Amino acid sequence: MSGPVLIANRGEIAARIARSCRRMGWPSIAVFSDADATALHVGAADRAEPVGAAPPRESYLSIPALIAAAERSGARYVHPGYGFLSENAEFAEACARAGLIFVGPPPSAIRAMGGKAEARRIAEAAGLPCLPGADDALEEAAARIGFPVMVKAVGGGGGRGMRRVGRAEDLQGALDAARREAAIFGDDRLMLEKLVEKARHIEVQILADAHGNVLYLHERDCTLQRRHQKLIEECPAPGMDAALRAELGRRACDLARAVGYVGAGTVEFIAEAPLQADRIWFMEMNTRLQVEHPVTEMVTGLDLVEWQLRIAAGEALPFAQADITLDGHAVEARICAEDPARQFLPSPGRITALRWPEAGPDLRVDAGFGTGDLLTPHYDSLLGKIIAHGATREVALGRLALALDQCAAEGVRINAAFLAAALRSPEMRAAEINTGFLEAARKRLVEASMKEQAA
Amino acid sequence: MAESPITIRAEIGASVWKILATPGAAVGEEEPILILESMKMEIPVVAPHDGVVVEILVAEGQQVEEGQAVATFRR
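The rules we used
Residue numbers restart at each chain and count upward from 1, following the sequence in its written direction. Chain labels run from A onward and ligand labels from 1 onward, assigned in the order the entries are written. Local features in this predicted model are restricted to residues of pLDDT 70 or higher, and side-chain atom pairs are both shown and tallied only at a pLDDT of 80 or more, whereas totals for entire chains, interfaces and linings draw on every residue. As a rule here, side-chain values come from all non-hydrogen atoms in the structure, and water together with hydrogens is ignored. By the criteria applied, helices consist of DSSP H or I runs no shorter than four residues and strands consist of E runs no shorter than two, each listed in order from the N terminus. Both definitions apply: the radius of gyration is a C-alpha atom measure, and the globule rule equals 2.2 Å times residues to the power 0.38. Buried means the residue's accessible area, taken with a 1.4 Å probe over protein chains only, is under 20% of the maximum for its type, while exposed means over 50%, and partly exposed covers the values in between. The contact criterion used throughout is that any non-hydrogen atoms of two residues lie within 4.5 Å. Only strands joined by at least two bridges in the DSSP assignment are considered to pair. Every axis corresponds to a line fitted to the C-alpha atoms, with the helix fit spanning only the stretch in contact, and the corresponding angles, defined between N-to-C directions, vary from 0 to 180 degrees. The domain limits used here are those given by an automatic or database domain assignment. By definition, a salt bridge exists where a carboxyl oxygen of Asp or Glu is found within 4 Å of a side-chain nitrogen of Lys or Arg. By the criterion applied in these results, polar contacts are pairs of N or O atoms within 3.5 Å in which, for protein atoms, one can donate a hydrogen and the other can accept it, and in which residues neighboring in sequence qualify only through two side-chain atoms. Residues are grouped as follows: nonpolar covers Ala, Val, Leu, Ile, Met, Phe, Trp, Tyr, Cys and Pro; charged covers Asp, Glu, Lys and Arg; every other residue, Gly included, is treated as polar. Cavity means a closed set of points on a 1 Å grid over the protein atoms alone, one where a 1.4 Å probe fits but cannot get out, pocket means an open set with protein on both sides within 12 Å along at least 5 of 7 lines, and lining means a residue has an atom within 4 Å of a point. Grid points are joined across faces, edges and corners, and a volume is the space filled by probe spheres set on the points. Note on terminology: angles under 35 degrees are roughly parallel, angles over 145 are roughly antiparallel, angles of 65 to 115 are roughly perpendicular, and the others are oblique. His is not counted, nor are the chain ends, whereas Lys and Arg count as positive and Asp and Glu as negative. Only Phe, Tyr and Trp rings take part, Trp by its six-membered ring, and two of them pair if their centres are within 6.5 Å. Stacked means planes under 30 degrees apart, edge-to-face means over 60, and tilted covers everything else. Whether a charge sits over a ring comes down to the Lys NZ or Arg CZ being within 6 Å of the ring centre and within 35 degrees of the ring normal. Accessible-area loss on putting two parts together, using a 1.4 Å probe and summing over both, is the definition of buried area adopted here.

### Quick notes on the overall build of chain B
In step 1: Counting secondary structure elements, chain B contains zero helices and eight strands.
In step 2: Ordered by position in the sequence, the α and β elements of chain B form the string β-β-β-β-β-β-β-β.
In step 3: Taken over the C-alpha trace, chain B has a radius of gyration of 12 Å; the compact-globule value for 75 residues is 11 Å, and the two agree within 12%.
In step 4: Classification of the 75 residues of chain B by burial places 40% in the buried group.
In step 5: Taking as baseline every contact in chain B between residues at least 6 positions apart, the subset at least 24 positions apart corresponds to 55%.

### Section: the sheet that holds strand β4 (residues 77-79) of chain A
All names here are of chain A.
In step 1: In space, the five strands of this open sheet follow the order β3-β2-β1-β4-β5, with parallel pairing throughout. Lying at the two open borders of the sheet, with one neighbouring strand each, are β3 (47-52) and β5 (101-102).
In step 2: The sheet strands contacting helix α3 (residues 63-73) are β1 (5-7), β2 (28-33), β3 and β4, and the helix crosses β3 at an angle near 150°.
In step 3: Against the sheet, helix α11 (residues 304-312) contacts β1, β4 and β5, and its axis sits at roughly 145° relative to β4.

### Describing the domain arrangement of chain A
Residues and elements named next belong to chain A.
In step 1: As far as domains go, chain A holds domain 1 (5-103), domain 2 (132-194) and domain 3 (199-454).
In step 2: A C-alpha centroid distance of 23 Å is found between domain 1 and domain 3.
In step 3: Contact with domain 1, which involves 35 residues of that partner, is made by 32 residues of domain 3.
In step 4: Linking domain 1 with domain 3 are seven salt bridges, by the criterion used here.
In step 5: Two residues, arginine 23 and glutamate 306, come together in a salt bridge whose shortest N-O distance is 2.9 Å.
In step 6: Joining domain 1 to domain 3, the criterion identifies 13 residue pairs in polar contact (both at pLDDT 80 or more).
In step 7: Those elements giving two or more residues to the side of domain 1 that touches domain 3 turn out to be α1 (11-24) and β4.
In step 8: The leading source of residues in the side of domain 1 that touches domain 3 is α1, at 11 residues.
In step 9: Here the residues of the side of domain 1 that touches domain 3 sort into 19 nonpolar, nine polar and seven charged.

### Regarding the layout of surface pockets
Residues and elements named next belong to chain A.
In step 1: By volume, the second largest pocket amounts to about 470 Å³.
In step 2: Put simply, the parts of the chain that give the lining of the second largest pocket at least two residues each are α12 (393-405), β23 (408-410), α13 (416-424) and α16 (442-454).
In step 3: At five residues, α16 tops the list of elements feeding residues into the lining of the second largest pocket.
In step 4: Taken together, the residues that form the lining of the second largest pocket break down as 14 nonpolar, three polar and five charged.

### A look at the packing of helix α5 (residues 107-114) of chain A against helix α6 (residues 116-125) of chain A
Residue and element names in this part refer to chain A.
In step 1: Between α5 and α6, the shortest axis-to-axis distance is 6 Å and the interhelical angle comes to 100°. On the basis of their axis angle, the class for α5 and α6 is roughly perpendicular. Mapping the contact onto sequence places Ala112, Met113 and Gly114 in α5 and Lys116, Glu118, Ala119 and Ile122 in α6.
In step 2: The residue inventory of the contact of α5 with α6, partitioned by class, reads four nonpolar, one polar and two charged.

### Describing the sheet that holds strand β6 (residues 51-56) of chain B
Strand pairs in the sheet, formed through backbone hydrogen bonds, run parallel or antiparallel to each other.
All names here are of chain B.
In step 1: Strand order in the open sheet formed by four strands is β1-β8-β6-β3, and the pairing between neighbours is antiparallel. In the strand order of this sheet, the two ends are held by β1 (6-9) and β3 (26-27), each with one partner.
In step 2: As defined by bridge partners, β1 adjoins strand β8 (residues 69-74) across four bridges and the pair is classed as antiparallel. Residue threonine 7 lies in a different strand from β8, and its bridge partner there is threonine 72.

### Digging into the side chain of aspartate 209 of chain A
Residue and element names in this part refer to chain A.
In step 1: As for its position among the elements, aspartate 209 is in the loop between β10 (199-208) and β11 (214-226).
In step 2: It turns out aspartate 209 is buried and unbridged, and the closest side chain with the opposite charge, arginine 257, is 9.4 Å from it.
In step 3: Engagement of the side chain of aspartate 209 in a polar contact is seen with the backbone nitrogen of leucine 317, the distance being 2.8 Å.

### Focus: the environment of alanine 30 of chain A
All names here are of chain A.
In step 1: Following the sequence through the fold, alanine 30 ends up in strand β2.
In step 2: The class of alanine 30 is buried, set by a relative accessible area of 3%.
In step 3: The spatial distance from the C-alpha of alanine 30 to the C-alpha of alanine 322 is 36 Å, given a sequence separation of 292 residues.
In step 4: Setting aside chain neighbours within four positions, we find alanine 30 in contact with Ile7, His41, Val42, Ala45, Arg47, Ala48 and Glu49.

### Structural notes on the packing of aromatic side chains
In step 1: Summed over the entire model, instances satisfying the criterion amount to six aromatic pairs over all chains.
In step 2: Measuring from centroid to centroid gives 5.0 Å for tryptophan 307 of chain A and phenylalanine 319 of chain A, while their planes differ by 80°, and the two rings are edge-to-face. One end of the pair, tryptophan 307 of chain A, is in helix α11; the other, phenylalanine 319 of chain A, is in the loop between α11 and β15 (329-336), and 12 residues separate them in sequence. No difference in accessibility class separates tryptophan 307 of chain A from phenylalanine 319 of chain A, as the two residues are buried.
In step 3: One aromatic cluster in this structure is built from Tyr60, Phe84 and Tyr379 of chain A.
In step 4: Over the ring of tryptophan 17 of chain B we find lysine 18 of chain B; its NZ or CZ atom is 4.4 Å from the centre of that ring.

### A closer look at the interface of chain B and chain A
In step 1: Between chain B and chain A, the contact holds 17 residues from the first and 18 residues from the second.
In step 2: A buried area of about 1,400 Å², summed over both sides, lies between chain B and chain A, and 66% of it is on carbon and sulfur atoms.
In step 3: Scanning the region where chain B abuts chain A turns up two salt bridges.
In step 4: Linking arginine 342 of chain A and glutamate 11 of chain B is a salt bridge whose minimum nitrogen-to-oxygen distance equals 3.9 Å.
In step 5: The interface formed by chain B and chain A holds two residue pairs in polar contact (both at pLDDT 80 or more) in total.
In step 6: Put simply, the parts of the chain that give the side of chain B that touches chain A at least two residues each are β2 (14-19), β4 (32-38) and β5 (41-46) of chain B.
In step 7: Here the side of chain B that touches chain A is built from residues that sort into eight nonpolar, three polar and six charged.

### Some details on the pairing of β10 of chain A
Residues and elements named next belong to chain A.
In step 1: With 10 of 10 residues buried, β10 is to be regarded as a mostly interior element.
In step 2: The alternating pattern of β10 places Ala199, His201, Glu203, Gln205 and Leu207 on one face and Arg200, Ile202, Val204, Ile206 and Ala208 on the opposite face, and all of these are buried.
In step 3: Remark: five residues form the turn of the hairpin made by β10 and β11, two consecutive strands paired antiparallel; glycine 212 in that turn has positive phi of roughly 95°.

What follows is the structure, encoded as structure tokens:
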């Protein structure tokens, strides 16, 4: 037994981390802003500490407020979850200065992977294939690489500043517009890469301990997205064979070793279908737990939060690469307060009723909110996740779609019916998907979901 | 002959994240006047057509309700 663990987050991930702590016998401490005093995650932990006002900057993003809460509560560990301060090296350093154990990689690894351009250089040096690209002399680089290219903001996450440029004559205008947009977010540096048409998003989960053991826990396919944010994720990736899985796993572990990684992390790749080794390129590394980690847990039987904590406590991984199983197929859907019929516009407000499906052996429900909760514009729209497992992909997709049918909300709009329609689409069932599918098929899927609800 | 100003409204409950245009500024169609933020999504409030910003009715950091007037605008 160890702990206590301060959970520096909110919503479904804070509740989920508390569950693992409880199972392990580690006391946990939730934190809450003024807007979240009665939130579900507060009750999920053993104790709770207030950390400030509703705007994230004054609470969940305030390093002094979180360190003070940890000290007040007698916490020994700080788990940052995802988002907020989870990839902030200064927070990891502040924890260390206060004598707290940050549940995550060393600050140096967070920094090394934090900027897109620097991460790319390190990955290339570690032998990972990257798309042809550049972060200076962009006009010359584009001419050399050939069109189409994707322009990105170096400091941008969540798809900010991203622009597809199809022809040389459109490049200057796109660079100007992207630079203006990136500057709004405080960093106007741009980079560009060869564009992959009909791309798939494949990522590899890794787990590294402080004793030099680095393992991969297979891949996740996160191709179904809107606004460059994932909505449906699965493991294994359709079309992935054992040899390619081992090759990508090796690439991910090589990168983890190159930056002295410790803990759970994810190496993201962009791929062109059909999947083959020379058509998959490094994109970025996320130095934290991912939202979609449960699909990996469903097929490996491992609890990633438990292993994050045990690694943070100095334990060596007691299993080897060959021990990592891949049992069946798992799919996750992210339930968000948003309206697919209005271009996925967020839907803040009071949840007057919210029904989640009943969990079971092959159906996991990671809920963060319930009836009566107020969704303020301050925080993101993720309400929770539903994860289905099955012996085959077909079974898992069908089980998840049925579970989504049982979701219902009043007071706010949710995307459950839309996601059920996506799971039942012929494209998804045949795995003929790319990262543009949900947006391209949005109208048809919205109509299908309305018919389903009326039936 | 200038037309009377039209009111531009927030389409969602949000906070005003950034104001990009000042009163009197000429903006082109679809160009952002200000950016709202709600649930970690930035939602630009754009000019309905080429014209001039008459008034900005909100301040950065302010909370706005769905349907609240945020700016006035003249063709």
